[in-house]
Amino acid sequence: MAHWDVVIVGAGPVGLMTANLLGQYGVRALVVEDRAEIIDYPRGVGMDDECLRTFQTAGLVEQVLPHTVPNQRLIFLNGDKKVLAEIAPRTDEYGWPRRNGFVQPLADKVSLGGLDRYPHIEVRWSTRMSGLRQDDAGVTLTLDGPEPGEVTASYVVGADGGRSATRTALGIGFEGKTSSTRWLVVDLRNDPLGQPGAIVGADPRRPYASISIPHGIRRFEFMLFDGETEEMVEEPGFIADLLTGFVPDPERVDIVRQRVYTHHSRIVSDFRAGRVLLAGDAAHLMPVWQGQGFNSGIRDASNLAWKLAAVLQGRCDASLLDSYDAERHGHARSMIDLSTLVGRVISPTNKLVARARDVFFRGITAIPSAKRYLVEMRFKPMPTFTSGALSFAESVAQPSPVGRLFPQPRVDTRAQQDVRLDDVLGPWFALLVWNNDPRALLDDDALARFQRLGGRLVALRPACQLSWPDQDSDDVTVVGDRTGRLKEWFDTRGDTVVLVRPDRVVAGASPAQRASSMVRAVADAIGLIPAPGDSPAGTAARPAGAREAVQA
Ligand SMILES: O=C(O)CCc1cccc(O)c1
């Protein structure tokens, strides 16, 4: 029976991204998908900065960018077409625009094509996972399809959508609510409007959305009322009537797809059951209003893939996988809550309720700071982990950067100018040190642990110091802060040493002199497997520092 490191059930965006990241880390993975090919119509329409950063880590961002519209503006209109709220952030703290329209089938195609780079990844189409059992040794899956039979895997990722067979096989609860309101989604090609933004119309007569998607596609969504059946939607003229007033010539539209759907606000009780981990819609479903369904799934892939790789490579204990639920559950919950709340705000069909809401928003947006809070999208819950694969032990900054994303400015190296920081760090762990030589800060024990983790040592300096050679060690990458954004970040924090995980979350931070104990604390927190003869974490003797070792 064939054995795989990981079997991924589902070749949607989350399964494919997980496979790309695992492929990059050298993990052998099989992707099985019930369908005969990737879904060819748009579902998600918004890609955020975190998601683009994950495509970057996977080495696919240049291929996906042609299918995006950066900085897509989203406005919420009331029934009189007056702006209730505008969301148009212009910052790029994490290296990418915060809001981007995109064409999901083409992004999925990029992810699928990315797998061609990895001979150790296989995708089997028209293959249904019909059975799953696990024990201490691994997972056995029954597959129906062109190559029927059983395969075994060390781990399984269930990324098989809202109706996940994996979740059902595990008997994991999918808690939450399904809204009774139905919506009609209509995608048009040859966009009859062409306007580049996204509009959500909180019109009590019939709430709607009108969203530009790259390559001439437009999405309309309309709330359906009781009595408007799916059969009626199919009748000639129904969609044209809905589009009247929205497009100049509703009879002359080119429909790609129409579908009636309802919104779900659901989350699994646990993202992990032994050797099986759930990701994407299999783990959480949320209303569309923040465009976060797709992005939340990609966040799962980014959080999970490196952990699976670290365990399968024998670097970390399997307990590291517990941190997946610890980190992802709360954040996905916040996205569901936000998306559900926005749905409630936009969908009242009672005119008095809608008017009260409009008055409230007029008051709120008259306050400049509140308006900025909306425009700059500061309401979006950012990953802020308080527990998981990280350690706060040596961090002195308030608030601590630990458990949050590290920024991604453009930087210089001696070999390359004006590149994104993550491209210099590579797709694995990195220890970033401002204004010090990382080797001089780490004692032998901490350095050995960090090397066992396979991390990269990085010295950060103002760009004008880039060519100064006196502190160089062969295994330290020197980075010049060409924009000043890194110095700005360290200026406001006492932590000047930062251990960044492959998903760009800060795992540990400390002042310079505490770098070694911080590295040990993080090694402990992520379950780094000790080398023979290692002293217990946190108790290693502090002999002469690594600087002396280098000089010797
Ligand atoms: O965040 C975005 O860009 C769009 C979110 C959205 C709003 C309304 C409908 C929909 O499918 C997505």
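Throughout, a residue's number is its position along its own chain's written sequence, starting from 1. Local features in a predicted model are, by the rule used here, given only for residues with pLDDT of at least 70; side-chain atom pairs are given and counted only at 80 or more, and totals for whole chains, interfaces and linings are based on all residues. Processing note: side-chain calculations cover all non-hydrogen atoms of the structure and skip hydrogens and water entirely.

1. What to know about the environment of Trp-489
Test applied: The helix and strand labels rest on DSSP assignments: H or I over at least four residues marks a helix, E over at least two residues marks a strand, and numbering proceeds from the N terminus. Contact between two residues is taken to exist if any of their heavy atoms lie within 4.5 Å; hydrogens are not considered.
Checked against the element boundaries, Trp-489 lands in helix H15 (residues 485-491). Sequence spacing of Trp-489 and Phe-406 is 83 residues, and the spatial spacing of their C-alpha atoms is 9.6 Å. Those residues in contact with Trp-489 that sit more than four places away from it in its chain are Pro-401, Phe-406, Pro-407, Asp-495 and Val-498.

2. Here's the deal with the sheet that holds strand S23 (residues 456-462)
Threshold: Between any two strands, pairing holds if DSSP finds at least two bridges. All axes are obtained by fitting lines to C-alpha atoms, using only the stretch in contact for helices, and the reported angles, taken between N-to-C directions, cover 0 to 180 degrees.
Read from one edge of the open sheet, five strands run S24-S23-S22-S25-S26, paired in mixed fashion. Two strands close off the open sheet at either side, each with one partner strand: strand S24 (476-481) and strand S26 (506-510). In this sheet, neighbouring strand axes are inclined to one another by 20° on average, regardless of whether the strands run parallel or antiparallel. Of the pairings in the sheet, the one linking strand S25 (residues 497-500) to S26 comprises four bridges and is antiparallel in character. Directly across from Leu-499, in S26, lies its bridge partner Gly-508.

3. Digging into the UniProt feature "domain: FAD-binding" (unreviewed entry) in the protein chain
Convention followed: UniProt positions are given in the numbering used here, feature names are shortened, and annotations may be inferred rather than shown by experiment.
Mapped onto the present numbering, the UniProt feature "domain: FAD-binding" (unreviewed entry) falls on residues 5-338. What you have in residues 5-338 is 27% helix and 34% strand, and the ends, taken at the C-alpha atoms, are 36 Å apart.

4. Concerning the layout of surface pockets
What counts is decided by this rule: A pocket, in this scheme, is an open set of points on a 1 Å grid over the protein atoms alone with protein on both sides within 12 Å along at least 5 of 7 lines, while a cavity is a set where a 1.4 Å probe fits but cannot get out; residues line either one if an atom lies within 4 Å of a point. Grid points are joined across faces, edges and corners, and a volume is the space filled by probe spheres set on the points. Three classes are used: nonpolar for Ala, Val, Leu, Ile, Met, Phe, Trp, Tyr, Cys and Pro, charged for Asp, Glu, Lys and Arg, and polar for all others, with Gly counted as polar.
The calculated volume of the second largest pocket comes to roughly 520 Å³. If you go around the second largest pocket, you meet 19 residues; those closest to its centre are Glu-93, Tyr-94, Pro-407, Trp-489 and Arg-493. For the lining of the second largest pocket, the residue count by class is ten nonpolar, four polar and five charged.

5. So, the pattern of salt bridges
Under the convention used in this document: One side-chain nitrogen of Lys or Arg within 4 Å of one carboxyl oxygen of Asp or Glu is enough to make a salt bridge. Accessible area is worked out with a 1.4 Å probe on protein chains only. A residue is then buried under 20% of its type maximum, exposed over 50%, and partly exposed in between.
One pass over the full model with this rule turns up 42 salt bridges. Taking the shortest distance from any N to any O, the salt bridge between Arg-189 and Asp-254 comes out at 3.2 Å. One end of the pair, Arg-189, is in strand S12 (residues 174-189); the other, Asp-254, is in strand S16 (residues 254-268), and 65 residues separate them in sequence. Using a relative accessible area of 38% as the deciding quantity, one classes Arg-189 as partly exposed. The salt bridge partner of Glu-327 is Lys-307, with a shortest N-O separation of 2.7 Å. Pair noted here: Glu-327 is in helix H9 (residues 322-346) and Lys-307 is in helix H8 (residues 293-312), with a separation of 20 residues, a long-range link. By the burial criterion, Glu-327 is buried, and Lys-307 matches it. Ionic contacts of the salt-bridge type, sharing partners, join the residues Asp-48, Asp-49, Glu-50, Arg-98, Arg-299 and Lys-380 into one network.

6. Some details on the domain arrangement of the protein chain
Here is the rule: Reported domain spans reflect what an automatic or database domain assignment gives. Throughout, buried area stands for the accessible area (probe radius 1.4 Å) lost by two parts on being put together, summed over both. What qualifies as a polar contact is a pair of N or O atoms within 3.5 Å, subject to a donor-acceptor requirement within protein and to the restriction that residues adjacent in sequence count only when both atoms come from side chains.
Split into domains, the protein chain comes out as domain 1 (3-66 + 103-173 + 271-371) and domain 2 (384-552). A straight line from the C-alpha centre of domain 1 to that of domain 2 covers 29 Å. Tallying the contact residues gives 22 residues for domain 1 and 26 residues for domain 2. Both faces considered, domain 1 and domain 2 share a buried interface measuring about 1900 Å² in area, 56% of it formed by carbon and sulfur atoms. On the domain 1 side of the interface with domain 2, the three residues burying the most area are Arg-53, Trp-306 and Arg-315, jointly 36% of the side's total. Its salt-bridge partner being Asp-422, residue Arg-53 comes within 2.7 Å of it at the nearest N-O pair. Joining domain 1 to domain 2, the criterion identifies 13 residue pairs in polar contact (both at pLDDT 80 or more). Put simply, the parts of the chain that give the side of domain 1 that touches domain 2 at least two residues each are helix H2 (49-57), H8 and H9.

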